[in-house]
Amino acid sequence: MAVDLLLGLQWGDEGKGKIVDVLTSKYDIIARFQGGPNAGHTLEFDGIKHVLHTIPSGIFHKNALNLVGNGVVIDPVIFQKELKNLDKFKLDYVSKLLLSKKAHIILPTHRLLDAASETSKGKAKIGSTLKGIGPTYMDKTGRNGLRLGELEMPDWKEKYRNLANKHESMIAFYDVDIQYNLKELEAEFFEAIESLKKLPFIDSEAYLQQAQAEQKTILAEGAQGSLLDIDFGTYPFVTSSNTTAAGACTGLGVAPNQINEVYGIFKAYTTRVGSGPFPTELFDETGEKMAKIGNEFGATTGRGRRCGWLDLVALKYAVQVNGVTQLMMMKADVLSGFKTLKICTAYKYKGEEITHFPYNVDKKYVEPIYTEMQGWDEDLMQMTSKEEFPENLNKYIDFIEKELATPIKIVSVGPDRTQTIER
Ligand SMILES: Nc1nc2c(ncn2[C@@H]2O[C@H](COP(=O)(O)OP(=O)(O)OP(=O)(O)O)[C@@H](O)[C@H]2O)c(=O)[nH]1
Ligand SMILES: O=P(O)(O)OC[C@H]1O[C@@H](n2cnc3c(O)ncnc32)[C@H](O)[C@@H]1O
Ligand SMILES: N[C@@H](CC(=O)O)C(=O)O
Ligand SMILES: [Mg+2]
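Residues numbered from 1 in each chain as written. Chains lettered and ligands numbered in written order. Predicted model: local features only at pLDDT ≥ 70, side-chain atom pairs only at ≥ 80, totals over all residues. Heavy atoms only, no water.

## Structural notes on the site of ligand 3
Near ligand 3, the surroundings consist of Asp13, Asn38, Ala39, Gly40, Val273, Gly298, Ala299, Thr300, Thr301, Arg303 and Arg305. One nitrogen or oxygen atom from the main chain of Asn38 is found 2.8 Å from a nitrogen atom belonging to ligand 3. Considering ligand 3 on its own, with 260 Å² of exposed area, one finds that the protein chains cover 95% of that surface. Broken down by class, the residue content of the shell around ligand 3 amounts to three nonpolar, five polar and three charged. (Near = heavy atom within 4 Å. Polar contact = N/O pair within 3.5 Å; in protein donor to acceptor, adjacent residues only side chain to side chain. Areas by Shrake-Rupley, 256 points an atom, 1.4 Å probe, with all protein chains shown as cover. Nonpolar A, V, L, I, M, F, W, Y, C, P; charged D, E, K, R; others polar.)

Below, the structure written as structure tokens:
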């Protein structure tokens, strides 16, 4: 069993990018298993801040191979930009990046369809990042999609044309005002495809099985978070992939019994970007303070992230659905200076107290029940060991560990690689 799995337990942006980068020195292969350029993984080291969208977060390490798995959807144009942004780091990424032949391609018309769908929904919109994620996964499950492997076939442009034509008639069907120049979009798309073709397209499931036979260590990297999972998230306000542990099996071709550790990452509070229910959301100056100190802006779209207290009902659900074996608590530093901290331990649901995550967590039905804890004033950002932690932080950690019956092995106290404390 040589595959460890790292995934988000909330609504994404827990800090997966940072932790994958921190852990990469222990692994031979970092393999991203789902999502696409809707993700924004932020890495900070040596005074550099860098955001990755599709490229796995192990790319800055010399020895690790970075695999984009079959469960990922790739926008060639964004991918090309990501590669370009890496140029300044003088990384030999061509020898460190592998792409699954079975990964699906995001077409320019998928992005347009996303925009048309969202516009047509009006106030009920999902709050999508508009990267074409939903329409691309729809074509995948509808068995119409274009995969990377197709690009090696002589007739791929014909298949592309048929699909793009179909999309254009679907866009017209939405009957919303979407301005676009497909010729221009296609010019950059076809150019980007050529640059993508310089990277190796592989049968990644076979590659990973062979790597395991050779005792190579593999870290599967998730994107978004468990509450955005297409099955287990707050549907329909979710993304279109399985962000939970099962997604690593289908998104990489790894069998369930090959998974070893499941690292579950959460923020010491909660954030959400886009629409959808959020029981512990704060609409006051406390929430604003969290957003400000936490610099809570989307790494992909720049949108402000909604903030609220830690929700243990939701976290417990995510721990169970994923089979989390170790927890990592991020952004503990952001909570310094809050006199009192609240933790949601149950919901009042249709008048009854419940501790499971129900079908609908809309505020019409759910009211959070909180436990209050004393905060701490100490600045955690310079701390380098758990021995320096203030007593009230230890109490906060102990409480969460006990409620979730899972150990918190890492506490993150700042965005930099070095601001990571093991317990
Ligand atoms: N203050 C502080 N910032 C942190 C810490 N850990 C990570 N960050 C920052 O918090 C943000 C985390 O957001 P993202 O980079 O979008 O997280 P992600 O989980 O990789 O993103 P998605 O895959 O898009 O869900 C980034 O800006 C990080 O630099 C921490 O311990 N303290
Ligand atoms: O997957 P799309 O359609 O772009 O968005 C659906 C829904 O999910 C939120 N979301 C998507 N990717 C991320 C991410 O990487 N971090 C946080 N939230 C994400 C998006 O805001 C929509 O609410
Ligand atoms: N992935 C994004 C979502 C967004 O940018 O809206 C983020 O990092 O927040
Ligand atoms: Mg993000």
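## Thoughts on the coordination of the magnesium ion (ligand 4)
Those protein atoms acting as donors to the magnesium ion (ligand 4) are Asp13 (OD) and Gly40 (O), and they sit at 2.0 to 2.3 Å. For the magnesium ion (ligand 4), the six donor atoms in the first shell make angles of 64 to 177° at the metal, so the coordination geometry reads as irregular. Here the residue Asp13 occupies a position in the loop between strand S1 (3-8) and helix H1 (16-23), and Gly40 occupies one in the loop between strand S2 (29-32) and strand S3 (41-45), the gap between them amounting to 27 residues. (Donors = N, O, S within 2.8 Å, 3.2 Å for Na, K, Ca; no water. Tetrahedral: all angles 85-135°; square planar, octahedral: opposite > 155°, others 65-115°. Helix = DSSP H or I, 4+ residues; strand = E, 2+ residues; numbered from the N terminus.)

## Some points on the environment of Pro135
With respect to the secondary-structure elements, Pro135 resides in helix H4 (residues 133-141). According to the relative accessible area criterion, Pro135 is buried, its value standing at 10%. Apart from residues no more than four positions distant in its own chain, Pro135 is found in contact with His110, Leu113 and Asp114. (Buried < 20%, exposed > 50% of the residue type's maximum accessible area, 1.4 Å probe, protein only. Contact = heavy atoms within 4.5 Å.)

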